Amino acid sequence: MQEEVINLIGSTLEIETKDITNKTNLVKDLDLESLDLVDLVVAFEEKYNIKILDQDIKNFQTVQDIVNYLEKNV
Amino acid sequence: MYKLFIKKTKDSKSFLESILNKYHIKNDICYNEYGKPYIKGNPIYFNISHSKEYTVIAISDQEIGVDIEHLTYKKKLLNKIANEEEIKAIKNEHDWTKLWVKKESYVKYLGMGLSYGLKNVDTINNHNFRVKKYKKYYICVYKEK
Amino acid sequence: MKTANKNYPYYNHIYYQNLQEMILENYNNIPNKVAFSFFNGDELVKKTYKDVYEDVFALSNYFYNMYNNKHIGLIGENSYNWIITFFSIILSGNVCVPYDKDIDNELLTKQIKLSGTKAIYYSRTYNEGINKLKIKSYPLEDISSYMKLYSKKNNKYKIDNDKDAAIFWTSGTTGFNKGVLLSQKNIMSNIYGACSLFKPSGRIVSLLPFNHTFGLITSVLKPFNYGKEVFINNSLRYVMRDLKEIAPETIFVVPLFVENFYKQIWKNARKKNKEVLLRNNIKLSNFMLSIGIDMRKKLFKSILKEFGGELKYIICGGAYLNQTYIDWFHSIGIEILNGYGITECSPVVSVNRNFYKRSNSVGVPIRGLEVKIIDKEICIKGPSVMKGYYNDKKSTKAVFINDYFKTGDLGYIDKDGFIYITGRKKNIIILNNGENISPEEIETELLKDDGVREVIVYEKDNKIIAKIFPEEEYLKDQDYFDKLMYDYNINKPKNKQITMVLLEDKELPKNNNGKIIRTKAIGEE
């Protein structure tokens, strides 16, 4: 799951994935902006056919957070 | 009232400090848990935004939100961030970017970030948005009267 | 402070030929508007333009019947009665001679004699001692009874605008009091000229003594000219109370007030432990102003409230005011407009305008006044310039060159017409309450002492200092000269006392003619 997530991040945002780990912080380490986050959220919604609520987005601090969320809701 | 400062930089902290430098206010800047700057005990408000190479800082005597975004057209995101009426009006990248910066400037004004839900931001009936074009970017300031 | 501002047109208003026209016009247009207000105990009394007209009408009738073109003295604390009496004396064809309520009887007697004052109207509260003088004296408190004395209203005095109307005392450049003769034309043209540059808004609180032209003509008659309300403060003790209570938008003061306000503000801040906050807020305010955002009312609300909360303009004149005060008050939201005047000019020569000012300047000349620099000295010509010194043709002649009056101030005018003062031609010390001190007078008296060989008196940080080169046997004898200073000060009012005596152990620097070079003697500290 973790690998899938990292790859999706890489392809959606068109960035390198080799240094991304589960501990990577989206904002602090990857320098992601709101637009990037929304982009990611929509990408995840499409791939896993889920609806991600706005208020959940603030919990996506690290890659691990996303993995946990998906594991719980997919 | 507000004033916008725009600079080709990614270091917003230094940028802000350089603006305040002249008046020896540098050392009084504090940052809250979200990294949002403020001056301890003082009623002046800042908001910062960056996109690609540019950073914009808005300074005001009241709550304010600002967002800058490079020209973009992400059709895919429209359903997530906009309502039907707004979607109908988006014909090109200019419309899309203007819509985005309006929405963002509002949630930044609130200080709530994305958890507010961009779809909840009404850009049709709310007239407090001030959008301006800057090179290949759009900037929006949100401020209530 | 930015000075990138442009001039704008004169304010247009009627030129009144004399005081009567001004009083009458206001009576016709705004009879029920308040002209003057003051506290009588705890009660706030208001006098309308109608009251002024009626009172002056009745009282001038009294003066007309009592005196025929005589010099009549006026002495007492600022009051409504004082103003009415001033108007009435002049409009009855007599000459009003205001006196300083704080001078001693000796000087008063001298001035009375010098000016040929025939009778004096005095305030019982402040000058009961007048009774002891050999002059007919009448209490100002009783003017309502004087008004009833001559029921036949027959004041037939036909106003001559050029005739002597008032004599104001000035310390002048020789330290000896001279009587400045002003006509109604002088006074009215100064009102017209100055009001063309500045239009007071809101209420005014008058704080300066009426026996000086700045206090009377500028802070009372000019607002009166505009139909404004002037609150009369009658005691320095109540300045802050009155400002808080009346909440004026404009006040007229001398530098001493500005300096004291400044001290008071910091003192209050210290008391509440808000000194650092105040300092930071000022930095902040200046920064926000620089980017076009004005937060002064918000940031300094409690300070501004101490002045009533409405104060916008402080018009300052009478002595030198350091630009840093102007900048500082600007930071907190109060504009100080610095101006320049001289009794001989009825009195305003120039003033900075609300939106047209220059740092370190005393402003632009009032309408109708020509200002010229002759030999580095500021010289003026125009209808505001006095007729002359009373009974002193010699002194009068000495201060005019061609048709220009020599102010005794050195300065220059920049390309935009702003006047800058660089020094005093003679060495008069002007204290920050506007008082003139002649160092030569003090020196003359000190030289009478055996121990004093040479002396120079000067001002530093608003204090009077005497630098003495003692006679041989008294060299280095600080105790002796401290006692000399003490003895000198005993019968002098506080602001004319010597603060410090410095002893030199060598001669004061002199020129080839043996005359002490003042600047050098003072500079060598």
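For clarity, every value in this text was computed on a predicted model and none was experimentally measured. (Residues numbered from 1 in each chain as written. Chains lettered and ligands numbered in written order. Predicted model: local features only at pLDDT ≥ 70, side-chain atom pairs only at ≥ 80, totals over all residues. Heavy atoms only, no water.)

Asks: Would you explain the overall build of chain C in this entry?
Replies: A tally of regular secondary structure across chain C gives 18 helices and 26 strands. On C-alpha atoms alone, chain C measures out to a radius of gyration of 24 Å, which is about the 24 Å that the 2.2 N^0.38 rule sets for 525 residues. Projected onto its principal axes, the C-alpha positions of chain C cover 75 × 65 × 50 Å. Burial status across chain C gives 53% buried among its 525 residues. (Helix = DSSP H or I, 4+ residues; strand = E, 2+ residues; numbered from the N terminus. Rg over C-alpha atoms; globule rule 2.2 N^0.38 Å. Buried < 20%, exposed > 50% of the residue type's maximum accessible area, 1.4 Å probe, protein only.)

Asks: Where do I start with helix α14 (residues 323–332) of chain C in this structure?
Replies: Three or four residues apart is the spacing at which side chains of an α-helix point the same way, because the helix has 3.6 residues per turn. Residue and element names in this part refer to chain C. Of all 10 residues in α14, 7 are buried; the element is thus mostly enclosed. Within the span of α14, buried status applies to Gln323, Tyr325, Ile326, Trp328, Phe329, Ser331 and Ile332. Lining the buried residues of α14 we find α10 (255–271), α11 (275–290), α12 (296–299), α13 (301–306) and β13 (335–341). Measuring from the side-chain oxygen of the N-cap residue of α14 to the backbone nitrogen of Thr324 gives 3.0 Å; that N-cap residue is Asn322. The first or second residue beyond α14 is Gly333, which carries a positive phi of 105°. (Contact = heavy atoms within 4.5 Å. Polar contact = N/O pair within 3.5 Å; in protein donor to acceptor, adjacent residues only side chain to side chain.)

Asks: What is the right way to read the domain arrangement of chain C from this model?
Replies: Size of an interface, as often reported, equals the accessible area lost when the parts are brought together. You can read the domains of chain C as domain 1 (19–236) and domain 2 (438–523). On a C-alpha basis, the centres of domain 1 of chain C and domain 2 of chain C stand 40 Å from each other. (Domains from an automatic or database assignment.)

Asks: What is the right way to read the interface of chain B and chain A from this model?
Replies: Contact residues are listed per partner, giving 15 residues for chain B and 16 residues for chain A. Summing the contributions of chain B and of chain A, the shared interface buries around 1400 Å²; its carbon and sulfur component is 63%. Three residues stand out in chain B for area buried against chain A, namely B:Lys76, B:Lys80 and B:Leu114, and they jointly supply 44% of the buried area on that side. The interface formed by chain B and chain A holds 3 salt bridges in total. As a salt-bridge pair, A:Glu45 and B:Lys80 come within 2.7 Å of each other at their nearest N and O atoms. Viewed at the interface, chain A and chain B are joined by 4 residue pairs in polar contact (both at pLDDT 80 or more). Counting residues per element, the ones that place at least two in the side of chain B that touches chain A are α2 (78–81) and α4 (93–110) of chain B. At 3 residues, α4(B) tops the list of elements feeding residues into the side of chain B that touches chain A. Of the residues belonging to the side of chain B that touches chain A, the class tally is 6 nonpolar, 4 polar and 5 charged. (Buried area = accessible area lost by both parts, 1.4 Å probe. Salt bridge = Lys/Arg side-chain N within 4 Å of Asp/Glu carboxyl O. Nonpolar A, V, L, I, M, F, W, Y, C, P; charged D, E, K, R; others polar.)

Asks: Just checking my understanding: could you explain helix α9 (residues 239–246) of chain C for this structure?
Replies: Residues and elements named next belong to chain C. Taken together, the buried positions of α9 are Val239, Asp242, Leu243 and Ile246. Mapping the buried residues of α9 onto a view down its axis gives an arc of 100°, with all of them on the same face. Positive backbone phi, at 50°, marks Ala247, one or two positions downstream of α9. (Arc of directions from axis to C-beta.)

Asks: Honestly, unusual backbone geometry in this entry has me stumped. Any pointers?
Replies: Excluding glycine, a negative phi dihedral is what most residues carry, and trans is how most peptide bonds are arranged. Residues and elements named next belong to chain C. Cis geometry is adopted by the peptide bond preceding Pro347, which originates at Ser346 and carries an omega value of -25°. Relative to the helices and strands, Pro347 is located in the loop between β13 and β14 (348–351). One non-glycine residue, Asn402, lies in positive phi territory at about 55°. The exposure class assigned to Asn402 is exposed, which follows from its relative accessible area of 71%.

Asks: Quick question: what am I supposed to make of the interface of chain C and chain B here?
Replies: In this complex, chain C contributes 14 residues to the contact, which on the side of chain B involves 17 residues. Buried area between chain C and chain B, summed over both chains or domains, comes out near 1300 Å², and the portion from carbon and sulfur atoms is 72%. For the pair chain C and chain B, the number of links is 0 salt bridges. The interface formed by chain C and chain B includes 1 residue pair in polar contact (both at pLDDT 80 or more). Elements represented by at least two residues in the side of chain C that touches chain B include exactly α11 and α12 of chain C. Sort the elements by how many residues they give to the side of chain C that touches chain B and α11(C) lands first, with 8 residues.

Asks: Please explain the side chain of C:Ser79 as it appears in this structure.
Replies: Relative to the elements of secondary structure, C:Ser79 occurs in the loop between β3 (71–75) and α3 (80–91). For C:Ser79, the contacting residues outside a window of four places in its chain are C:Phe210 and C:Ile232.

Asks: What exactly am I supposed to notice about the environment of C:Ser137 here?
Replies: In this structure, C:Ser137 sits in strand β6 (residues 136–139). Along the sequence, C:Ser137 and C:Gly73 sit 64 residues apart, while their C-alpha atoms lie 8.9 Å from each other.

Asks: Can you walk me through the environment of B:Thr123 in this structure?
Replies: Residue and element names in this part refer to chain B. Position of Thr123 among the secondary structure elements: in the loop between α4 and β7 (129–134). Distance from Thr123 to Glu86, taken between C-alpha atoms, is 7.7 Å for residues 37 residues apart in sequence. Residue contacts for Thr123: discarding those within four places in its chain leaves Glu86, Leu99, Lys102, Lys103 and Phe129. Of note is the side chain of Thr123, whose polar atom sits 2.7 Å from the side chain of Glu86.

Asks: What is the right way to read the sheet that holds strand β5 (residues 54–60) of chain B from this model?
Replies: Hydrogen bonds between backbone groups are what pair the strands of a sheet, and the pairing can be parallel or antiparallel. All names here are of chain B. In spatial order, the strands read β1-β5-β4; together these 3 strands make up an open sheet with antiparallel pairing. The sheet is open, and its two borders are formed by β1 (2–8) and β4 (45–51), each paired with just one other strand. The mean inter-strand angle of the sheet, taken between neighbouring strand axes irrespective of direction, is 15°. (Pairing = 2+ DSSP bridges. Axes fitted to C-alpha atoms, helices over the stretch in contact; angles between N-to-C directions.)

Asks: I'm lost on the sheet that holds strand β26 (residues 498–503) of chain C in this one. Help?
Replies: All names here are of chain C. The strand order across the open sheet built from 3 strands is β24-β25-β26, with neighbouring strands paired in mixed fashion. Single-partner strands in this sheet number two, and they are β24 (452–460) and β26. Sheet twist, expressed as the average angle between the axes of neighbouring strands with direction ignored, equals 25°. Judged from the 5 bridges that link them, strand β25 (residues 463–470) and β26 form a sheet pairing that is parallel. Each bridged residue has a counterpart across the sheet, and for Ala466 the counterpart in β26 is Val501. Packed on one face of the sheet, helix α16 (residues 439–447) meets β24, β25 and β26 and runs near 150° to β24.

Asks: I would appreciate a short explanation of the pattern of salt bridges in the present structure.
Replies: Any two side chains of opposite charge can pair, given that their charged atoms come close. Residue and element names in this part refer to chain C. All chains considered together, the criterion is met by 26 salt bridges over all chains. Across the salt bridge formed by Glu335 and Arg296, the nearest N and O atoms sit 3.6 Å from each other. Of this pair, Glu335 sits in strand β13 while Arg296 sits in helix α12, placing them 39 residues apart in sequence. Note on accessibility: Glu335 and Arg296 belong to one class, buried. A salt bridge links Glu443 to Arg518, with the shortest nitrogen-to-oxygen separation between them at 2.8 Å. Placement of Glu443 in helix α16 and of Arg518 in helix α18 (residues 518–523) is noted, with a sequence separation of 75 residues between them. By the burial criterion, Glu443 is buried, and Arg518 matches it. Several salt bridges share partner residues, and in doing so they unite Asp294, Arg296, Glu335 and Lys357 into one network.

Asks: What is the right way to read the confidence of the model for chain B from this model?
Replies: Low-confidence regions, as indicated by low pLDDT, have predicted coordinates that should not be scrutinised in detail. When the pLDDT values of chain B are averaged, the result is 90; 97% of them are 70 or greater. Within chain B, the lowest mean pLDDT, 77, falls on strand β2 (residues 29–31) of chain B, and the highest, 97, falls on strand β8 (residues 137–142) of chain B. (pLDDT = per-residue confidence, 0-100.)

Asks: Help me out: how do you make sense of a positive patch on the surface in this one?
Replies: A grouping of C:Lys267, C:Lys271, C:Lys272 and C:Lys274 is seen on the molecular surface, where their side chains present a positively charged patch. Counting through the fold element by element, C:Lys271 comes out in helix α10. (Patch = residues over 30% accessible without salt bridge, like charges linked within 9 Å, V, L, I, M, F, W, Y side chains within 5 Å. Areas by Shrake-Rupley, 256 points an atom, 1.4 Å probe, with all protein chains shown as cover. Lys, Arg positive; Asp, Glu negative; His and termini not counted. Charge placed at Lys NZ, Arg CZ, Asp CG, Glu CD.)

Asks: Would you explain the packing of aromatic side chains in this entry?
Replies: When we look at a pair of aromatic rings, we describe it by the centre distance and by the angle of the planes. Across all of its chains, the model carries 51 aromatic pairs over all chains by this definition. Residues A:Phe60 and A:Tyr69 carry aromatic rings whose centres are separated by 5.1 Å and whose planes lie at 70° to one another, so their mutual orientation is edge-to-face. With respect to class, A:Phe60 is no different from A:Tyr69; both count as buried. One aromatic cluster in this structure is built from C:Phe36, C:Phe38, C:Tyr49, C:Tyr80, C:Trp82, C:Phe86, C:Phe87, C:Phe168, C:Phe210 and C:Phe224. The ring of C:Tyr389 carries the charged tip of C:Lys178 above its face, separated from the ring centre by 4.8 Å. Its guanidinium or amino end placed over the ring of C:Tyr238, C:Arg241 lies 4.3 Å from that ring's centre, counting from NZ or CZ. (Phe/Tyr/Trp six-rings, centres within 6.5 Å; stacked < 30°, edge-to-face > 60°. Lys NZ or Arg CZ within 6 Å of the ring centre and 35° of its normal.)

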